[in-house]
Structure formats: C-alpha cells, structure tokens
Amino acid sequence: MAEFKLIHLVKELLNVTGVNDDAHSFVELVQRMPLRTESNTYGCSSTIFQNAVQNLAQVVPNSQLFLEKLEYLKERNVDSLGEYVQLLNYISQDSRVKDLLQMKKARSQFESLTTETMSTKGAIEQVKTRVKRASKLFKGRDLDKSWSERNLQLSKTSSITSWVQRRPSMSWDFSSITLTTSRMQLENIPDISQENILIEDLLNILIGLPGCYIDPLKLQDQYATREFSLCDAIDPSLKDLLKQILPLASHYSTVQRFTEEKMRFEFGQVCNALAESMNSLIIDYTLFVTQMETEFRSGNLNLHKLWFYIQKNLHNMSFMSNIATSISKSDAKGGKVLSLLHDHITGYIGDTQAQQLCLHLMQAACVPYMNMLGMWIYKGIILDPINEFLIEDNEMVQKEEMPVDYSADYWDKKYTIRRERIPTFLEPVSDIILRAGKYLNVIRQCGKAVNHKVESIEYKIEQKHYIDAIDKAYKFASINLLDLVLKEKDLLGRLKSVKHYFLLDQGDFIVTFLTLCEKELNKDVADVIQGRLDSLLDLALRLSSSNNDPYKDDLCTELLPYDLQHQMVKIKTVLSIEERNLFLTAQKKTNLTVIESFAFSYEVKWPLSLILNRRSLACYQMIFRHLFYCKHVERMICQVWRSNKVAKSFPFLSAKQYRLAFALRQRMLHCIQNLEYHMMVEVIEPHWSAFMQKIAKVSNVDEVLTCHCDFLDACLKDCMLTITSLLNTITNILAICVKFCKFMQRTQQHFVEAELDILPSSFVDSFCQGEGSLNITDGQQQTEKVESFRESIASLDLEFSEALKELLEQINGLNKETSDHERLYNLLYRLDFNSYYSGQFEKLGLKNVRMNISG
C-alpha cells in the first residue's frame, strides 16, 4: 500500500472518530510497531491460547456459553481462531481500546437512529456530545510513548508477580517488619510469670508472627529451615521446652513459604492444587493454635501441656515440610510432583498417619492432572497450558500438509511422551495413554464425533482403579479407530489395490501397459511428456481387468530424477553420510531413460495415509521399479527370440555361426525369469499371505503399522534390494542383457543377408522393416561382418558369465555369514542348476569362453 493512501485512510478514520490529531504521527507509530512472524503462535493448543481463554472466561457475563461456543468452533477447525481469541483478550485488557469500541458503538447507534427512526435534532446533538466526550479520552495522551511501553508478553508461561514479594508485611511467614514493643527484663521475673510471657510469645511464633523474646533469624536461602534465637534471660528449663516446641514453627514457616510461592500461576495446576490442599491444613492448624490461646486465656495452659498438645500437629507439619522442601529444591512441576508424592506414600507404609496425610495431599494434587488425563484418553484433547502433562503436542507437525507432503513423522512426532513428566505410578501404562489419545485424535480429525463420556479418575494406593479406567478407554479408542480404518475406509481393499499395481499382481494390466508404452519407455526423460504416459496408463487400466478396481483412479505415473540404485541409497540408513555422498557422486547418471526413472505413484487420503505413508509407498516403488525393469528386459529378450525364429529355415552350416548368440539369449532369459519367479512367487506371495494372516488378528492401528512395515522390510531384503553389492550386480546383469538385445536388433540384417537367395523377398522386407538395408559388395565384406558378430557375442557371453558368477558367489557368501537370507538358496540353486556355472568356472577357469573368442 502506498504511503499517501495509508495516510489518507488514517485521516478518514480520525475524522470518523472525531479525533483532531495529526495522521502522520499515527502512521509513524504503526510502522514502528514490531511485526510477529512466528508461525503457529496462537494455535488452539498453545499456552497463549489457553491463557487467553481463561482470562476471557472470567470477564464474559456467561462463561459456560462462551466455552461451549469456543469448543464448537474448534471442532470445525475455524481458521485463525487462536488469533481471534488472542485479539479479544487484548481488547478486554486495554481500557483505551474498549473506550474506542464504545465510541464506535455510539456512532453506529447514532447512524441507526438517523436512518431508521428519524430522531429529532436534539437527540442527534445528544449523541454527538457523547461521541465527542469519548474522543476526549485520547486527547492529551502521548500515544507514541504509551504504545511503545506496552510490551505484550508472549512467553510460554505467564509470570505473575508474587503479592508476598510486593507486600511482605502481608505474609504469614514472619514479616520483615519487626515489632517495636519494648521488652521487659526477664532476669528478675519469677519462672511462673516467665512461662506465661513466653507462652503468649510462642503462640505468635507458631502462626508466623514475630515475638518479643523469640526472634526468627534471617533465612540463608529461599528453602532453608527457619531458625530462632532465644533471649538469654529465659530460664534454662523453659528454654529447653521452647527448643522442643520451636521446630513446629520452623516446619510451619517452610510450608507457608511453599504455599505462598506455589499458588502462583506459572508453577502449574498440580502445584496450585497441592498448595491449596496444604493451605486448608494450615487453616486447621491455625484453628488449633487459636484453641491453645483460648486455653491460655483461661489459665489452663503451660509449656508442658502445650508440648503434649502439639505432638500430632508437629508430626503432620514435619511431614508436609519434608514434602515442600523436596518439591521446591527439585523445582518439580506436574508429573514430577506426583512422582515425589507417590514415593513418599510408598516410603511411609509403616507410618499410617503420615501415609494418610500424604494420600490426602496426593489426591488433591492429582485432580487437575487426572482431569487432563481424562480429556486425553476419553476425547483426544490436550488441555495443558503450563506443560505439565506427560503427552506433548508438537504444533509444528500439522496434518494440513497431507496427502502431498505427508510422512510417517505425523504419527510418530505429532504427539510424543515426555518421560520427565510421567508420574511414577503411570509409567507402566504411559504408552497405552499415548495411543489412546492418538487414536481418538485421528477419529476426531476424520470428522467423527467421539461419543465417550469423560469419567473421573482418582488416585488410590491400589493401582487397579485408574489402570482399569485407562485400559478401558484404550480399548474403546483402539476398537473404534480400527473399525474406521478396516471397515469404513476399506484398508484391505486399498492394500490389495496397491499390490495389483506395485507388486505386479495384475498380470494382464502390466502386459497391456508395456505394450502401449513400449516406444515411450525407451526414450530419454527429457523427450517424453508425462501427460501421455498418464493417458496410456488410463487406457491400460480400462482395457484390463483392473477396470473393476474401485481405486484405480488413485494410481498415476511419476518420473523420478534418479534410478533405483540411488533411491535405495537415499532411503537406506546402513550407510554413513560420507559413503552415501560418495556413492551418489560416483554412480549418478546424467541422462536417464524413461524405463530407468519410471515409477507408479498412489494417492492416499487420511487416515489411511497413516499406514500407506510416504515411507511405505517408497518401499512399494522400489520393489515395483525392480520388477518392472526385469519385465521390460524379459520382454526385450523375448522380442529377440521372436526375431531369431527365422534362423530355423537356415541350412545347418549357415545357422551354425549364430548358435552362440542363441545360447546366450536363452541363458539370459533363464536368468531373468528365475529372478522374477524368485521375487514374485517365492518372496512376495508368502510374505503377503503371512501379512494378511497377521492383519486378521490385530487389535489396534499400531499393530497394523508394525505388520505392514515388517512385510515391506522382508520383501525388500529377500528381493536383494537392501544389499548394495547384490543390487549393483543384478543391475549390471540387466544392463548386459539390454546391451545384448540392442546389439541383436542392430545386426538383424546379418543373418537375413546370409540367406537372401533362399528366403522370399516379401519376408525379408517385412523382417527388415525400419532397419535400413545393407549393401553387400563381395563375399569378403560379409565374412568380416560375421567375424565381427562372433567376437561381439563372445565378448557379451564372457561379460554375462562373469557377472552371473559374481552374483552366485555373493549369494553363497551371504548365506554362509548369516541365516537371514535363507530364501536366496532357492535362487542360487535355480540360477546354478545342476552346478553348471560353478563346475564350469572351477574346472575350466573360463578357458572355454576364451577358446570361443580365439576360434
């Protein structure tokens, strides 16, 4: 927005409000105001949002209606709800903004009054007077200074200044203001009179008031034990009694300091509840001291009786003092406070009184924590403004990025357990608590209502009470989410659909697709339009039995910028960063063909994207790319076999020179077909059957995820994709096969020319269509071509044999080291049937191959 336009708008706003100030000063003020660029600052689960809701609930006339409306908006994922609530909170705290809004309201009333009721001139003048009076509130103020001094606190935890620090004389923990009452000299006073004076002084000390002859000493640190000094003139026998009673005042001082501090908001709801419970016990203790004072006024109290009466309170106050000191020194909050209280309960099994007192404090402190626990396990909602609960909502991981950029991180990292916040008694069921809330949260994000009553959970020494409640809530959430995923969202149907396309389960579809895309697959990636591949894919789906698949429209093509080897290295975690970078630098191809970069992609919506996440789809892609490339190579070899059938009509002497090429072609076809058979029949199908059997027995979504990951990992391992050396060797074998097929296609005219005089011209023309013609000048040129053909085939034969030998040695060595690859024995026996290759290489050492080259 141009500066002059901004000034014009501000000037119009000032004219409307009746404020006669310079518009330039307001524009400069707005431009100097800091902008907040942090994302997700006002999320509906953030501390700032919760603080704003609490403040507004105290201000609005009907807090219940406000909270219900807010929950209604949160369930519908209203945009910018957090920012709007925060704005309302700021307005409620700023009197000047409220005055301005009241002025705006008066003006709107004035406009409605003039347009609808056609009020009299006197009424209009009265409204104008009210508007001007409101505008005068802003006149004479230094707006620049007031706004610059206004610093909005956006910290995670709101900090409130302790009223005890601001007004120390109001504290019941020995105010710093000492009494100026003159002291009587105790040297010449009889013991009985001294005792009465000291009892009155002691009763004040027991409730945190300074005395005349018993002085509280200054604390060395915030959590130190309170010490007292006694007047030297006190009788020694009375002084001994006082020293026995004064520890009660020391314990009281510690507890009082704890309650005054932990009542503050930033220490959390658990500490607040514990301090409130201790404060109620202090009130009972104060009532006891008042009763003692009544006895003293009646003349029925002395130090010996007082020592007898305080025994119970001394024990209880000592116990509360120990709890307060341990919590304060460890700076505990939330679940850690409950852990300390639970340890005290279990540690005082022999002391019934102390255990009952600690149980009372524990039950009071657990109320807010159990309320948070109930909302999480019954509704999937976290209400934790001070970060006390054991589950943390990581707001940086958002579901809105799905399904395009979705990954398994949402399920793993959106809600996490903070171990330091777990109470000791909830440690065994912490994982169940996490999963119960996560399941309900997923159900709510699917737009389903969670009709589960929030039941109150109480802490008891017997863990069965709350453990059973948590287990019951977990089973409810688990069953509902599992039914949603398996039945309503048809997870098994989706998995079967993925298997059809990525694991080549739909045979007629892949044959049709290869036939339609054969020319496109051999081109460079830069020369192909992906839209054409999508059209051919759609045509292949319609022409095959996949047309009956209800999820076929979710399948699409994808051209990746790297081949299968690079994709494996990117995903594998066994390689270090240096090894990975070295591999990528050394092996990366610059010009990829479509067949090398082609892959299927599959669109998955929430909540099935929890199972079919990006990691799972990447694993499916890797298996598919390997199988698809093998199918493509097999198809090329079969095309060579079909074109070589013309040699059947050759005489024996003419066809003899092609015998080595035909044998090599058959060995390559045998190798590729056995590789495919091993992966599809001996690996994928058994693992899929086991996977389906496990799916039928699962009880929650986490077990589904585990079974699915185990299935994919097993397929990747047994398809030899996770071992870099094996994958490189197989890729090399496939490359040699492709090289052989292209060579045979280029040299088709050789064996046609050998029988030009025999074959009909029409057959030769049809066979050599699109290949061009070769002019034969004399028999010597034909002989040179035949010799070149033999040498090339012999070289390819040697190269293929060495690569296959390397593969067999790697498989054999792998199974000697570990038993994790036992399935590869079947492939080893199939490729080296009857020990053909191993025996040949051991006995002849490749001599036969070299003799063929020389001959």
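Residues numbered from 1 in each chain as written. Predicted model: local features only at pLDDT ≥ 70, side-chain atom pairs only at ≥ 80, totals over all residues. Heavy atoms only, no water.

Turning next to the overall build of the protein chain. Along its length, the protein chain carries 37 helices and six strands. In the protein chain, which comprises 855 residues, the share counted as buried stands at 46%. When contacts within the protein chain are restricted to residue pairs at least 6 apart in sequence, those whose partners lie at least 24 apart make up 74%. A total accessible area of about 44800 Å² is found for the protein chain, and carbon and sulfur atoms account for 52% of it. (Helix = DSSP H or I, 4+ residues; strand = E, 2+ residues; numbered from the N terminus. Buried < 20%, exposed > 50% of the residue type's maximum accessible area, 1.4 Å probe, protein only. Contact = heavy atoms within 4.5 Å. Areas by Shrake-Rupley, 256 points an atom, 1.4 Å probe, with all protein chains shown as cover.)

The next point concerns the pattern of salt bridges. Per the stated rule, a full pass over the model turns up 24 salt bridges. Close ionic contact of Arg297 with Glu200 constitutes a salt bridge, the shortest N to O distance being 3.8 Å. In this pair, Arg297 is assigned in helix H12 (residues 268-297) and Glu200 in helix H10 (residues 191-206), connecting sequence segments 97 residues apart. Residue Arg297 is classed as exposed on the basis of its relative accessible area of 52%. Put simply, Glu392, Arg418, Glu420 and Arg421 are held in one network by salt bridges that share partners. (Salt bridge = Lys/Arg side-chain N within 4 Å of Asp/Glu carboxyl O.)

Let's shift gears to the packing of helix H11 (residues 236-262) against helix H14 (residues 311-330). The contact between H11 and H14 brings their axes to 8 Å, and the two run at 45°. Compared by their axis directions, H11 and H14 come out oblique. Two packed elements cross with a definite hand, and for H11 against H14 that hand is left-handed. Judged by residue contacts, Pro247, Leu248, His251, Tyr252, Thr254, Val255, Phe258, Glu261 and Lys262 of H11 engage Asn313, Leu314, Met317, Ser318, Met320, Ser321, Ala324, Thr325, Ile327 and Ser328 from H14. (Axes fitted to C-alpha atoms, helices over the stretch in contact; angles between N-to-C directions. Parallel < 35°, antiparallel > 145°, perpendicular 65-115°, else oblique. Left-handed = near helix turned anticlockwise from the far one by under 90°.)

Moving on, we get to helix H18 (residues 430-445). Helical geometry: 3.6 residues make up each α-helical turn, so side chains three or four residues apart lie on a common side. A rise of 1.5 Å per residue sets the reference length of H18, with its 16 residues, at 22 Å; its end C-alpha atoms lie 23 Å apart and thus fit the reference within 8%. Counting buried residues in H18 gives twelve out of 16 residues, a clear majority hidden from the surface. Of all the positions in H18, only Ser430, Ile432, Ile433, Leu434, Ala436, Gly437, Lys438, Tyr439, Leu440, Asn441, Val442 and Ile443 are classed as buried. Immediately downstream of H18, the backbone of Gly447 shows phi near 85°, a positive value. (Expected span 1.5 Å × (residues − 1).)

The grouping of Leu516, Leu539 and Leu543 at the surface amounts to a nonpolar patch, some 250 Å² of accessible area in total. Summarising the element assignment, Leu543 is placed in helix H23 (residues 530-543). Accessibility expressed as a relative area gives 56% for Leu543, which makes it exposed. (Patch = residues over 30% accessible without salt bridge, like charges linked within 9 Å, V, L, I, M, F, W, Y side chains within 5 Å.)

As a further point, take the confidence of the model for the protein chain. Caution is warranted with low-pLDDT regions, since their predicted coordinates should not be read in detail. For the protein chain, mean pLDDT is 75; residues scoring 70 or higher make up 71% of the total. Segment residues 573-587 is flagged for pLDDT under 50; beyond a separation of four residues in sequence, or across chains, it makes 13 contacts in the model. Counted against residues more than four places away or in other chains, residues 843-855, with its pLDDT under 50, gives nine contacts. (pLDDT = per-residue confidence, 0-100.)

Glancing now at the packing of helix H16 (residues 352-379) against helix H19 (residues 464-488). Between H16 and H19, whose axes approach to 8 Å, the crossing angle comes to 30°. Here H19 runs roughly parallel to H16, going by the angle between their axes. In contact with Leu373, Ile377 and Tyr378 of H16, H19 contributes Ala469, Ile470 and Ala473. Tallied by class, the residues present in the contact of H16 with H19 amount to six nonpolar, no polar and no charged. (Nonpolar A, V, L, I, M, F, W, Y, C, P; charged D, E, K, R; others polar.)

In this section: the environment of Ala526. With respect to the element layout, Ala526 can be found in the loop between helix H22 (518-521) and H23. For Ala526 and Thr593, which are 67 residues apart along the polypeptide, the C-alpha to C-alpha distance reads 8.5 Å.

Moving on, we get to the nonpolar core. Counting residues in hydrophobic clusters, the biggest one holds 202 residues, and the most contacted among them are Ile377, Ile391, Leu426, Ile433, Phe509 and Phe600. When residues of this core are assigned to their parent elements, the largest contribution, 15 residues, is made by H16. (Core = buried A, V, L, I, M, F, W, Y, C linked by side-chain atoms within 4.5 Å.)

Okay, the environment of Val255 next. Counting through the fold element by element, Val255 comes out in helix H11. Here the alpha-carbon distance between Val255 and Met317, two residues 62 residues apart in the chain, equals 7.7 Å. The contact partners of Val255, leaving out residues within four places of it in the chain, are Met278, Ile282, Met317, Met320 and Ser321.

Below, the discussion takes up the pairing of strand E6 (residues 598-602). The buried fraction of E6 amounts to four of the five residues, a majority that puts the element mostly inside the structure. Where strand E5 (residues 555-559) lies against E6, five bridges are found, and the strand directions are antiparallel. By the bridge assignment, Glu558 is partnered in E6 with Ala599. (Pairing = 2+ DSSP bridges.)

Take the packing of aromatic side chains next. Considering all chains together, one arrives at 26 aromatic pairs under this definition. Judged by centre distance (5.4 Å) and plane angle (75°), the ring pair of Tyr501 and Phe509 falls under edge-to-face. What makes Tyr501 buried here is its relative accessible area of 0%. Taking 6.1 Å as the distance between ring centres and 35° as the angle between the ring planes, the aromatic pair formed by Phe509 and Phe600 counts as tilted. One end of the pair, Phe509, is in helix H21 (residues 507-516); the other, Phe600, is in strand E6, with 91 residues separating them in the sequence. Of the two residues, Phe509 and Phe600, neither departs from the other in class, the shared state being buried. (Phe/Tyr/Trp six-rings, centres within 6.5 Å; stacked < 30°, edge-to-face > 60°.)

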